[in-house]
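# Results of the structural survey
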Amino acid sequence: KKYNVAILGATGVVGQEFLKLIEERNFPYAELKLLASERSAGKKIEFMGKTFVVEEAVPDSFNDVHIALFAGGSASKTFAPEAVKRGAVVIDNSSTFRMDPNVPLIVPEVNPEAIRNHQGIIANPNCSTIIMVMALKPIHDRAKIKRVVVSTYQAVSGAGKEAIDELTNQVKSIGANRPVTAKILPSASLEKHYQIAFNLIPQIDKFLDSGYTKEEIKMVDETHKILNDDSIGITATTVRVPVYRSHSESVNIELEKDLSIEETKALLAEFPGVVVQDDPVQMEYPMPLFVSDRDEVFVGRIRKDSSVKYGLNMWVVGDQIRKGAALNALQIAEYMIDNNLV
Ligand code: 2RA
């Protein structure tokens, strides 16, 4: 069976990755509609030997659409209900509905069973959350996680194409001894901007009164929902780093019971979508430069944390645009097709 698919946000980084993955994975689409804001409407996109013209999204754009892939952003609030009203299933990469009790928040390898409760919208988690829970899930199932302390090293791709270009331009300016301009990071909508080239910015998204950023609270709240366990203590520090497209995360875990490093490595290696890359003697460990464009989440530097009774450290790296966004959303759609849920 083939499905009529719409991509909202087709011209952005995640939208473009949707197209790349649809072709790579031979996703069974009958009709494909590329939607975007008025600003991008009219753009022509060559895809699988055909020329598609990007249309401005309006409610009726979703007539006869079976699966609507939303790349992210504020448009989801307007169009998700309109698409559902017209019979589409919406897989939304924006943060709009993630914490809505009527909306499943899904990583297909972690909590696929929750998809069945959907009422038209399924939310794709935040990229840094997806990458972390892929490594937490097998450990949590075996030894019950008590506490997680995570520090992230997030690629500029998370802030969109303009941020990717900004990193490139800043490096070029520095190389040419020209003045550096910063207009995008940490967030285009904020009043101050800082250079990211050869720098780190400990702010992703806006600050809350608690002193945490929205990105850090997303990792806490979304992980609780995905693992269906609010008892896990979680604290996060999310940092933007001058890396193009893979997020890296230093994850410290305290367990309720003992788990050997050998067993931890075996659990992770067996988990679908995770690759253990961990051999210090051979200097083998995941690095963002080599994880980009890979589907899997890579885990290394797995070692005991003897400062607590049952503790361990690991280093987790995943492609933010792929598993962190577009691939995860497409895998949700594939799961729904395979299980007759759409
Ligand atoms: C970021 N996780 O990295 C956020 C959104 N992709 O900017």
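For the protein chain, an unreviewed UniProt entry supplies the name Aspartate-semialdehyde dehydrogenase and the organism Acetonema longum DSM 6540. Within the UniProt record for the protein chain, the comment given under Catalytic activity (unreviewed entry) is "L-aspartate 4-semialdehyde + phosphate + NADP(+) = 4-phospho-L-aspartate + NADPH + H(+)".

## Some details on the sheet that holds strand 9 (residues 145-154)
Taken in spatial order, the six strands line up as 10-9-11-14-13-12 in an open sheet, and their pairing is mixed. The open sheet terminates on both sides in strands that have one partner only, identified here as strand 10 (233-240) and strand 12 (274-276). Neighbour to neighbour, the strand axes of the sheet diverge by 20° on average, direction disregarded. Pairing analysis gives five bridges linking strand 13 (residues 297-304) to strand 14 (residues 311-319), with the strands arranged antiparallel. What sits directly across from Gly 300, in strand 14, is Trp 315. Contacting strand 12, strand 13 and strand 14, helix 6 (residues 261-270) crosses the sheet at an angle of about 170° to strand 13.

## Comments concerning the pairing of strand 14
Counted residue by residue, strand 14 has eight buried out of nine residues, so it is predominantly covered. Pairing geometry for strand 11 (residues 246-255) and strand 14, over nine bridges, is antiparallel. Bridging across to strand 14, Glu 254 finds its partner in Gly 311. Once strand 13 ends, the chain turns through six residues before running back antiparallel as strand 14.

## Overview of the environment of Asn 126
Of note, Asn 126 is situated in the loop between strand 8 (121-123) and helix 3 (127-143). Note: C-alpha distance between Asn 126 and Arg 98 (28 residues apart in sequence) is 8.8 Å. Other than its neighbours up to four places away in sequence, Asn 126 contacts Arg 98, Glu 215, Lys 218, Glu 222 and Gly 324. There is a polar contact of 3.0 Å between the side chain of Asn 126 and the side chain of Ser 128.

## Looking at the packing of helix 3 against helix 6
It is the contact of helix 3 with helix 6, at a shortest axis distance of 9 Å, that shows an interaxial angle of 125°. Considering the angle they form, helix 3 stands oblique to helix 6. In the packing of helix 3 onto helix 6, the handedness of the crossing is right-handed. For the pair helix 3 and helix 6, contact is made by Ala 135, Pro 138, Ile 139 and Arg 142 and by Glu 263, Thr 264, Leu 267 and Leu 268, respectively.

What counts as what
- Residues numbered from 1 in each chain as written.
- Predicted model: local features only at pLDDT ≥ 70, side-chain atom pairs only at ≥ 80, totals over all residues.
- Heavy atoms only, no water.
- UniProt positions renumbered as here; feature names shortened; annotations may be inferred.
- Pairing = 2+ DSSP bridges.
- Helix = DSSP H or I, 4+ residues; strand = E, 2+ residues; numbered from the N terminus.
- Axes fitted to C-alpha atoms, helices over the stretch in contact; angles between N-to-C directions.
- Contact = heavy atoms within 4.5 Å.
- Buried < 20%, exposed > 50% of the residue type's maximum accessible area, 1.4 Å probe, protein only.
- Polar contact = N/O pair within 3.5 Å; in protein donor to acceptor, adjacent residues only side chain to side chain.
- Parallel < 35°, antiparallel > 145°, perpendicular 65-115°, else oblique.
- Left-handed = near helix turned anticlockwise from the far one by under 90°.

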